[in-house]
Structure formats: structure tokens, C-alpha cells
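Given next are the chains, with one letter for each unit.
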Amino acid sequence: MTPHQIIFFIIIPMAGGICTILAHRQRKLQRFLGIGFLLANIVTAAAGLCAVAPTGSILVSQMGNWPAPFGISLVLDTLSALMLMMSSIVCLAVFLYCVFQFDDDQQGGFFHPLFHLLILGVQWSFLTGDFFNLFVAFEIMLMASYAMFCVGTTTLQMKHAYKYVLLNLVGSILFVTCAGLLYGQLGTLNMADITRIAMSGQLPDSSVPVIAMLVLVFGGKTAIFPLWFWLPDTYHTLPGAIGGLFAGLLTKVGAYVMIRVFVMIFGSAESITSIVSPLLLGSAAVTMFLGVLGAVSMHSVRRILSIHIISQVGYMLMGIGLAIAAGIAFDSRVMAVAGAIFFIMHNMVVKCCLFLCGGLMHEHAGSDNLQAIGGLLKRAPWLAVLFMIAAMSLAGLPPLSGFFGKWVLLVAGLQSEHYVIVIIAVITSLFTLLSMLKIWSYGFWSPPQGDHVEHPTVRPRTFGGMAGITLLVVMALSMGFGAQHYYQLCETAAKSVVDPTAYVQAVLGEQHTPIKQLSLVETSLEP
Amino acid sequence: MNLLISIMVGVLFGASVFLMLGRELKGVCMGVFLLGHGANLAILGASGSPIGKLAPVLEHGVDLARYTDPLPQALILTAIVIGFAVQAFLLTLLVITWRRTQTLDLNKLALETEH
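Since the model is a prediction, treat every value here as computed from it, not as a measurement.

Engineer: What exactly am I supposed to notice about the environment of Gly14(B) here?
Structural biologist: You can see Gly14(B) is positioned in helix H1 (residues 2-20). Gly14(B) sits in the partly exposed class, given a relative accessible area of 39%.

Here it is as C-alpha cells:
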């Protein structure tokens, strides 16, 4: 892959969106196009990963060939490539589920274009090397998600959509304010350029409150304590597959951006890490523990899973917080970030998989209230097996993927002597197991109960759903049994994030002119 | 100039927070719109005072420091366009909610039965 081919990550979903808009009357064509574009997406992601991961090199494409701090840079480093790989697989699995399980009503109303545009926003946020561009990418992603929230709306879904839309809007507006203020103080919005300023210790004190406000912005999007209240109240109203897509992508984009911003860009600025790190670590502990308590107390599959997202976000935050904690050795920092990246990847796959399982449970039993369903082990044995693998993986039983993610984070925590959060993480893990066993024993194991729910007599068609779930479970298993290889990739990614010298050089080039000394002669208008 | 913009940003943010704390959905949405305008103004303020500066149309032989910075204006323009789309979406949602439930009062909406 040459640097300029990075743009394919944006062109492919954009073309997907446009083509499916044009074909919005031909349902069949839309589905074929969708699968085609998503496969192309996976191929591109694989090519990108192969190009950067083995050596940890960084591909940079300057849009319109404008030199770095002025134009928009798209940057593909190992971290972005890993995220793109995982997200494209998750998208394909969800798409398979949607195409085969949703009826025409649910797939109508421009569902397909929205799906592709959501992917566009997600991939763009993984690639961009510019703060304001990140805001634009976020907005594309969020606009698509707002509209998807209202596809086939029930009144209930709409009522809850307000919380999601308004909260995210306020977050976006704060984000754009922060971006503007940062530009006013630093004179640049290019991430590499800001990193350079932070590394050289020239960050003015006045930008500390602005960056602290960024914790609020990304924290709201990632759903950390105390900003998580919108999430458990909205995600459960969505159909299983769309819930899976949101759970697999949206909060993870927030976590990714947090790694980029707080570890890579501002990780070297003492004045910022000394404030942000305790904030994140404290929030991580409360987030993971309260989230899992909420999950244990719920009685519907989708509710358990959606409140569980929050608990898992806590682990990612723990990694980020440890990585910028004061007085921690370089190796432990790399380990903490690598753990967080591994955990994000694992969580994208597994969480989405569980949501899809929840959707199929609903199809089989006619409800997803655990007090009303049961006996699914007999009705859908394969679903039960796949659910069990995904659930145990989420709970973190060895040798499945969740175990290794948590293991690395715990070791990083012990090395840096943050014992409290390590203990909380272990306890949370036990409760996670409990909540998963709750779904298992009520939904699959126990005999059917409650006569107030009509069990469908016809066996539902579940081919597409099972295909999507199987794809994700295979991914999860490969992450568990091939954890060493995945972890090496994560370590490469983490190294370039913790020590961003290479990133800065790749984006800004060797000889970099600070903006203020630039004279008119040097900005010749012919690129 | 900067002082004036700062005060205006403060007023806009304050008013929008006040609106958003209300129990009427229309008010809440208006609050979000106002917040967007406040943010745009804040970016404009961050770009420094434009008094005594030239419009950013480059000519040879003129010191760059004499031009206003065009970038914040470009940022604001983008933010306005995005904000416009979001406002349209939010207003549509309001209309649909009204048609479905005949109320925009959050207390009454919260009582809507879950079905």
C-alpha cells in the first residue's frame, strides 16, 4: 500500500453510501452492493495492516499535497490499522445479520446508506491527523447514528433517542469549542504539530483547562463515570444488530481517540498528565465497578449487555490512565497502552457478538426478558455454544481473548504499583462472569418459564445471524489462541504512541518551519 | 473586541444552559442551538482581534502579520454547516414526537408507557 492509497478507507464507504442511496428502491441490489463494499473494506484494511504493522512504519497522505501543518493529514500507523481491521470485520458481521434477519421494513428508510456513512465516520476518525477534521468525522458518524436510532422508530425508541442526540450534540459543541481555543493558543490543529509542541515543553499553562475539558468531551462519548448515564438508557431500545454495531464501534472510537490525545499528543506534558491521569484512573475504577453492578441487577439481555459496555470501558480507561501516570517506566507504559489496545480490539468483537446473540435469542424466544424465556439450549444449541464462547471470553476466562487483555492490564497495574485499581478490576471480572452466567442459566439452561410470552412456533430463519456471530466468534478465538501475535502488533502500536517521535517526523517531515516564521515566499501557491 | 466577544460567549452559554435545564423539549433544543452559536463565537474570539488588519487575500510584499487569520473563519463555516444539518434533524424529530404523542413536555413524555 502506498501512502496515497490511505484515501481508499474513506472512498470505499463513501461510494457505498452514495451507491446505496441511488439504489434505494432496489433492495436486493443494495444488499449485494453492501456486501461488496464491506469486503473491499476488509481487503483494504488487511493491506493497510500488512503495510505498516511488521515494521511499525507510518504512512502519511497529505490531502491536496498541502504541506503538513496547513493541510489535512491522513495518518495510518499501526494503531489505526489495527482499529480499522477490527472495525471492518465487525461491520461485515453486523451487516450479514441485518441483511438476513431484518425484514424489509427495518431495512427500508435509507438504512443501507446510513450504515455505510457510519462506517465512513468511524474509519475517518481512526485515520485523521487533525483535530478539527476529527470533529467533522465524529459528526458524520454521529449524524448517521442519530438517524439509525430513528429507523423504524417506536415511540419508546424516539423518547430515548433524545437523550442520545442531545448529549452527543452538547459533547460535539464542547469539542469544537476546545478545538477553536486550542488553535487560538497553539496556532495549529495538526496532531503531530501539537505533539511536537507538547514534547518540546512549550505548551502554555492556559491550555491545561482546555485539555481538561477534552476529558469531558471524550469521556461523554466513551461513556465513563460520571458521564455514562445516557448509554444504558438508550442502547437497549435498539434492535440487537444495531445495538451491536454501536456497542462495537462508537464507544471504542471514543477510547481510541483518548489514547491518541492523552497518551500520544499530551502524554509528554507533565502539567497535563498530572491532572488527567488521576481523573482517568479514578473514573476507571468507578466506571468498571458500577457498570458491572448495574449489569448484574438487570433482567433483560439487551439491558445487561448495554450497561456492560460501560464496565468494559473502565478497563480501557485503566490502561490509558496507567500509561500517563506519574513516575512510571517506559516499558510499563508501553505495556499499559498495549493492554488497552488489545482490550479495545477484543471488546469490539466480543461485545458486538454478544449483542447479535441477544438479537437471535429474541428471535427464538419472542422476548429478551430473562424472566420470561428459557430452554434455548434445546431450541438453538449452536447459538448456545457460540454465546458461551463469547460470554466466557468477555468474562476473561483463559484461554479466551478477554483473559489476555485483562492480564496485561493487571500486570501493568502491579508494575506501576496501582494496587487499588488492580483489585477492583479483578472483582469486576468476577461479577462479569456472574452476569454472563445469569443470561446463560435463565436464557439457555433453565426450562422455558412464564406463559405470558408467546413462543414462536415456527423456527425463525437465522442463517445470516449465525454467519455473523460465527465470524466474530472465530475472530475472538483467534485472538485468544493467537494472543501472542496480536499482542506483538499491539506492542508495536503502543510503542509508536508512547514515543511519538516517529509519528511527528512522518507527518511533519524532516525540516519543519514553525508557522510564525513563515514568509510569503515559502507558501508558493503551486503545490 | 475580545472582551465583547468573551462576554457574548458567556451570555450565550449561560442562556443555553438555562434553556437546557427546562422541562420543555422545544426549549432544550433551542438551548443546544444557542450553544452552537456560542461555540462559533468562541472560535472567532480565539483567532484574535481583527481590528486594523487586512482581509486575508495575499499580495506580494505585505507582511503576513498584517492579515487576519482565515482559518478560524473556515472552521466556523464548517461548524455552521454541520450545526445546520443537526438542527434540521432535531427539529424533524420534534415534529414527529409531537405528532405521535401530542406533547413536548418532558414530564409527560416520561410517563408514556413503554411498549
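Here the narrative resumes.
Engineer: Hey, could you run me through the packing of helix H9 (residues 207-222) of chain A against helix H12 (residues 270-297) of chain A in this one?
Structural biologist: Each packed pair of helices is defined by two parameters, the angle between the axes and the distance between the axes. Residue and element names in this part refer to chain A. Interaxial distance between H9 and H12 falls to 10 Å at its minimum, and their mutual angle equals 25°. With respect to each other, H9 and H12 are oriented roughly parallel. In this structure, H9 meets H12 at a crossing whose hand is right-handed. For the pair H9 and H12, contact is made by Val208, Ile211 and Val215 and by Ser271, Ile272, Ile275, Val276, Leu279 and Leu280, respectively.

Engineer: Would you explain the state of the cysteines in this entry?
Structural biologist: A covalent bond between the sulfur atoms of two cysteines is referred to as a disulfide. Residues and elements named next belong to chain A. Summed over the entire model, instances satisfying the criterion amount to zero disulfides over all chains. You can see Cys91 has no disulfide; the closest cysteine sulfur is in Cys352, sitting 8.4 Å from it. Its relative accessible area of 2% is what places Cys91 among the buried residues. Cysteine Cys490 shares no disulfide, and the gap to the nearest cysteine sulfur, in Cys50, comes to 15 Å.

Engineer: Please clarify how empty space enclosed by the protein should be interpreted in this entry.
Structural biologist: Over the atoms rolls a probe the size of a water molecule, and in doing so it shows where empty space is left. All names here are of chain A. With the rule as written, the count across this model stands at one cavity of 30 Å³ or more. Around the largest cavity, the lining residues are Phe138, Met141, Leu142, Tyr164, Asn168, Lys221, Trp230, Tyr235, Leu250, Thr251 and Gly254. Breaking the lining of the largest cavity down by element, the ones donating at least two residues are helix H6 (131-149), helix H7 (155-186) and helix H11 (240-265). Grouping the constituent residues of the lining of the largest cavity by class yields seven nonpolar, three polar and one charged.

Engineer: Even after reading the chapter, I still don't get the interface of chain A and chain B, so can you show me in this structure?
Structural biologist: A common measure of how large an interface is: the accessible area buried when the components associate. Tallying the contact residues gives 32 residues for chain A and 38 residues for chain B. Buried area between chain A and chain B, summed over both chains or domains, comes out near 3100 Å², and the portion from carbon and sulfur atoms is 80%. Taken together, chain A and chain B are joined by zero salt bridges. Our count for the contact surface shared by chain A and chain B stands at four residue pairs in polar contact (both at pLDDT 80 or more). When contributions to the side of chain A that touches chain B are tallied by element, the ones reaching two or more residues are H6 and H7 of chain A. In terms of residues, the side of chain A that touches chain B owes the most to one element, H7(A), which gives 17 residues. Its residues assigned to classes, the side of chain A that touches chain B comprises 21 nonpolar, eight polar and three charged.

Engineer: Looking at this structure, how should I read the packing of aromatic side chains?
Structural biologist: Think of a pair of aromatic rings as described by two things: how far the centres are apart, and how the planes are tilted against each other in angle. Residue and element names in this part refer to chain A. According to the stated counting rule, one finds 28 aromatic pairs over all chains in the structure shown. Ring plane angle 70° and centroid distance 6.1 Å describe the contact between Trp230 and Tyr235, whose orientation is recorded as edge-to-face. Summarising the burial analysis for this pair, Trp230 and Tyr235 share the class buried. For the ring pair Phe403 and Phe404, a centre distance of 5.2 Å and an interplane angle of 75° mean the geometry is edge-to-face. Among the aromatic residues, ring-to-ring pairing joins Phe131, Phe132, Phe135, Phe138, Phe175, Phe218 and Phe262 into one connected group.

Engineer: When you look at the pattern of salt bridges in this model, what are you seeing that I'm missing?
Structural biologist: Note on pairing: side chains with opposite charge can pair once their charged atoms come close. Residue and element names in this part refer to chain A. Enumeration according to the criterion identifies four salt bridges over all chains in this entry. Between Arg260 and Asp77 there is a salt bridge; the shortest N-O distance is 2.8 Å. You can see Arg260 sitting in helix H11 and its partner Asp77 sitting in the loop between strand E2 (73-76) and helix H3 (78-101), a full 183 residues away along the chain. In this pair, the class of Arg260 matches that of Asp77, namely buried. The residue Arg196 makes a salt bridge to Asp193 at a minimum N-O spacing of 3.0 Å. Of the two residues, Arg196 and Asp193 are both situated in helix H8 (residues 191-199); the distance of three residues between them amounts to about one turn of the helix. Classification of Arg196 by relative accessible area gives partly exposed; the value is 25%. Asp193 sits in the buried class, given a relative accessible area of 2%.

What counts, and where the lines are drawn
- Residues numbered from 1 in each chain as written.
- Chains lettered and ligands numbered in written order.
- Predicted model: local features only at pLDDT ≥ 70, side-chain atom pairs only at ≥ 80, totals over all residues.
- Heavy atoms only, no water.
- Helix = DSSP H or I, 4+ residues; strand = E, 2+ residues; numbered from the N terminus.
- Buried < 20%, exposed > 50% of the residue type's maximum accessible area, 1.4 Å probe, protein only.
- Axes fitted to C-alpha atoms, helices over the stretch in contact; angles between N-to-C directions.
- Parallel < 35°, antiparallel > 145°, perpendicular 65-115°, else oblique.
- Left-handed = near helix turned anticlockwise from the far one by under 90°.
- Contact = heavy atoms within 4.5 Å.
- Disulfide = S-S within 2.5 Å.
- 1 Å grid on protein atoms, 1.4 Å probe; cavity = no way out; pocket = protein on both sides within 12 Å on 5 of 7 lines; lining within 4 Å.
- Points joined across faces, edges and corners; volume = space filled by probe spheres on them.
- Nonpolar A, V, L, I, M, F, W, Y, C, P; charged D, E, K, R; others polar.
- Buried area = accessible area lost by both parts, 1.4 Å probe.
- Salt bridge = Lys/Arg side-chain N within 4 Å of Asp/Glu carboxyl O.
- Polar contact = N/O pair within 3.5 Å; in protein donor to acceptor, adjacent residues only side chain to side chain.
- Phe/Tyr/Trp six-rings, centres within 6.5 Å; stacked < 30°, edge-to-face > 60°.

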